[in-house]
Amino acid sequence: MLRPMESLDADAGLMARYRDGDAAAFATLYARHKGPLYRYLLRQVRSAGVAADLFQEVWSRLVATRGRYEPRAKFATYLFHIAHNCTIDFFRRDLMRRADPADAQSAEPEVPEYQRPDGVAEFLEQQSALLAALGALPREQREAFLLHEETGLTIEEIARITDVGLETAKSRLRYAIRKLKKALQPAQTHARPLRPRTV
Amino acid sequence: MKPRTPPDDLDEYLCGDSELSRQYRREPSPAPPPALDRQVLRASQAANSRTPNLAPLALAASVLLSLAVIPAFVFGPQPEQRAADAPRLLRVAAQAGAAANTPLDRKLRLYSSDPPHARPPAVWLTDIQALRRAGRNREADAEFQRFQSAYPDYSSGELPVTR
């Protein structure tokens, strides 16, 4: 997880340096944020292929708009606002594709990706009770939880990223926590010991 | 008996280091594949080398523009003077019908606020004649009076400038 308060000025400064032509600054920024951003996307869209596409799109947009960057807020807020917009666009396209009968016929059957042979390795993590419960949350609640966990952003910043009011963001996060805790209660009694996180 | 308020999960969670957060952090941390890393980094470098950063140029242009514009405001005509410079033009023959009847095949230039001698007498008389043709006799009369006071000795000849 990022510690944004520690890297606030550093990240914004790096982005400003990249905007002014310092390519090395981008590499540092990328190294810091690629993990949280990738997990945010992966756990939002729950498809490694789509997550990779969106990941690339987010960074492309960041690169394309670097000339207009002004360090007014935390860099993570800027980055994840782009990511939020990219995922919203994806879900809209996906909804339209599903609504189109021609597309629906040619589309792959609705088998969860982790059950397909090529998706097994990527979705081993789905077997964890927490991530399964996270995947079952409504998208907005899942997003609020992921933004807080992956970036450490405050509710105000989450509200800004997701373009909603403070109370809405708070309510989404509250529901997400309640549901996750509830989903984990029976699992925790029989849970096997969790592996320590690998860095 | 008052119902007990359940503890707010959110406050507890936001305090940090909740059991839920700890458990989430113990989950595997998938990262983007190295090929994706290379693609993004290559694209960022290519973008930087392809387009020069125009921000300093834009700043320089803004400064130059300011330097050019500010003296115009500071040393330019004062408001009273600017008001005096405003064209004192009062168009009286802007109607389409009048323009169509103009014998000289030009749009009418009749400005009752023109200073005397601003127009040559022949042009002025032609304009008055056009006003008559357009049926705007009151304006034509006023124009003719002004004409006569400006050019008392000028003969209008055969031109139908009077009623």
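Computed from a prediction, not measured in an experiment: that's the story for all the values here.

### With respect to the overall build of chain B
Next, step 1: Of the regular secondary structure elements, chain B holds eight helices and zero strands.
Next, step 2: In chain B, the proportion of contacts linking residues at least 24 apart, taken out of those at least 6 apart, comes to 49%.

### A few points about the overall build of chain A
Next, step 1: Across its full length, chain A holds nine helices and zero strands.
Next, step 2: Taken from N to C terminus, the helices and strands of chain A fall in the order α-α-α-α-α-α-α-α-α.
Next, step 3: Taking contacts inside chain A between residues at least 6 apart in sequence as the whole, the part at least 24 apart equals 66%.

### Brief notes about the interface of chain A and chain B
Next, step 1: Taken together, the contacts link 35 residues of chain A with 28 residues of chain B.
Next, step 2: If you list the elements that add at least two residues to the side of chain A that touches chain B, you get α2 (23–45), α3 (48–64), α6 (129–136) and α9 (166–190) of chain A.
Next, step 3: A total of nine residues in the side of chain A that touches chain B trace back to one element, the largest contributor, which is α2 of chain A.
Next, step 4: Looking at side-chain class alone, the side of chain A that touches chain B contains 18 nonpolar, six polar and eleven charged residues.

### Quick notes on the packing of α3 of chain A against helix α4 (residues 75–99) of chain A
Residue and element names in this part refer to chain A.
Next, step 1: Direction vectors running N to C along α3 and α4 enclose 130 degrees, while the axes themselves pass 9 Å from each other. In terms of their interaxial angle, α3 and α4 are classed as oblique. In this structure, the crossing between α3 and α4 has a hand that is right-handed. Contact residues: Val50, Leu54, Glu57, Val58, Arg61 and Leu62 in α3; Leu79, Ile82, Ala83, Cys86, Thr87 and Phe90 in α4.

### Description of the confidence of the model for chain B
All names here are of chain B.
Next, step 1: Chain-level pLDDT for chain B is 72 on average; 59% of the residues reach the 70-or-more range.
Next, step 2: Averaged pLDDT values over the elements of chain B bottom out at 44 in helix α6 (residues 96–100) and peak at 90 in helix α2 (residues 19–25).
Next, step 3: Contacts from residues 85–108, a stretch scored under 50 in pLDDT, to residues over four places away or in other chains number 35 contacts.
Next, step 4: ipTM for the predicted complex: 0.76, alongside a pTM of 0.59.

### Observations concerning the environment of Leu184 of chain A
Next, step 1: Within the secondary structure layout, Leu184 of chain A lies in helix α9.
Next, step 2: With 54 residues separating them along the chain, Leu184 of chain A and Leu130 of chain A place their C-alpha atoms 6.5 Å apart.

### Examining the confidence of the model for chain A
Next, step 1: Of all residues in chain A, 75% have pLDDT values of 70 or greater, and the mean over the chain is 82.
Next, step 2: Long-range and interchain partners of residues 119–126 of chain A, a stretch whose pLDDT sits below 50, account for 14 contacts in this model, where long-range means more than four residues apart.

### Regarding the packing of helix α7 (residues 121–133) of chain B against helix α8 (residues 137–150) of chain B
All names here are of chain B.
Next, step 1: Packing of α7 against α8 brings their axes to within 8 Å, and their N-to-C directions diverge by 160 degrees. In terms of their interaxial angle, α7 and α8 are classed as roughly antiparallel. For α7 against α8, the interelement crossing comes out left-handed. Counted together, Trp124, Leu125, Ile128, Leu131 and Arg132 of α7 and Asn137, Glu139, Ala140, Glu143, Phe144 and Phe147 of α8 form the full contact between these two elements.

### Observations regarding α2 of chain A
Next, step 1: Helix geometry: α2 of chain A is bent most strongly at His33 of chain A, by close to 45 degrees, with proline Pro36 of chain A lying one to four residues after it.
Next, step 2: Downstream of α2 of chain A by a residue or two, Arg46 of chain A has a phi angle that is positive, lying close to 55 degrees.

### Topic: the environment of Ala64 of chain A
Next, step 1: Topologically, Ala64 of chain A is positioned in helix α3.
Next, step 2: Given 12 C-beta atoms within a 10 Å radius, Ala64 of chain A is considered exposed.

### Digging into the environment of Tyr69 of chain A
All names here are of chain A.
Next, step 1: Tracing the chain through its elements places Tyr69 in the loop between α3 and α4.
Next, step 2: For Tyr69, a count of 17 C-beta atoms within 10 Å translates into the label partly exposed.
Next, step 3: Expressed as a C-alpha distance, the spacing of Tyr69 and Met15, which sit 54 residues apart in the sequence, is 7.8 Å.

### Section: unusual backbone geometry
Residue and element names in this part refer to chain A.
Next, step 1: Phi at Arg46 takes a positive value of approximately 55 degrees, unusual for a residue other than glycine.
Next, step 2: With respect to the helices, strands and loops of the structure, Arg46 is situated in the loop between α2 and α3.
Next, step 3: Not every positive phi belongs to a glycine, and Asp163 is a case in point at roughly 60 degrees.
Next, step 4: Relative to the elements of secondary structure, Asp163 occurs in the loop between α8 (155–161) and α9.

Rules of the game
- Each chain carries its own residue numbering, running from 1 in the direction its sequence is written.
- Written order determines the labels here, with chains lettered from A and ligands numbered from 1.
- Per-residue local features of the predicted model are confined to residues with pLDDT of at least 70, and side-chain atom pairs are confined, for both listing and counting, to 80 or more; whole-chain, interface and lining totals are unaffected and use all residues.
- Only DSSP runs of H or I reaching four residues or more are called helices, and only runs of E reaching two or more are called strands; each is numbered from the N terminus.
- Whether two residues are in contact depends on their C-beta atoms, placed from the backbone: they are in contact if these lie within 7 Å.
- Throughout this entry, Asp, Glu, Lys and Arg are counted as charged residues, while Ala, Val, Leu, Ile, Met, Phe, Trp, Tyr, Cys and Pro are counted as nonpolar. The remaining residues, Gly among them, count as polar.
- Working convention: axes come from line fits to C-alpha atoms, limited for helices to the stretch in contact. Angles between N-to-C directions cover 0 to 180 degrees.
- By the definition adopted for this analysis, an angle is roughly parallel if under 35 degrees, roughly antiparallel if over 145, roughly perpendicular if from 65 to 115, and oblique otherwise.
- Crossings are sorted by hand: turned counterclockwise from the far helix by less than a right angle, the near helix makes the crossing left-handed, and turned clockwise it makes it right-handed.
- Confidence scores labelled pLDDT are given residue by residue by the predictor and lie between 0 and 100.
- The quantity called bend is, for any residue, the angle between two axes fitted respectively to the seven residues ending at it and the seven beginning at it.
- The exposure scheme places C-beta atoms from the backbone and then counts, for each residue, the other C-beta atoms within 10 Å of its own, assigning buried at 20 or more, exposed at 12 or fewer, and partly exposed in between.

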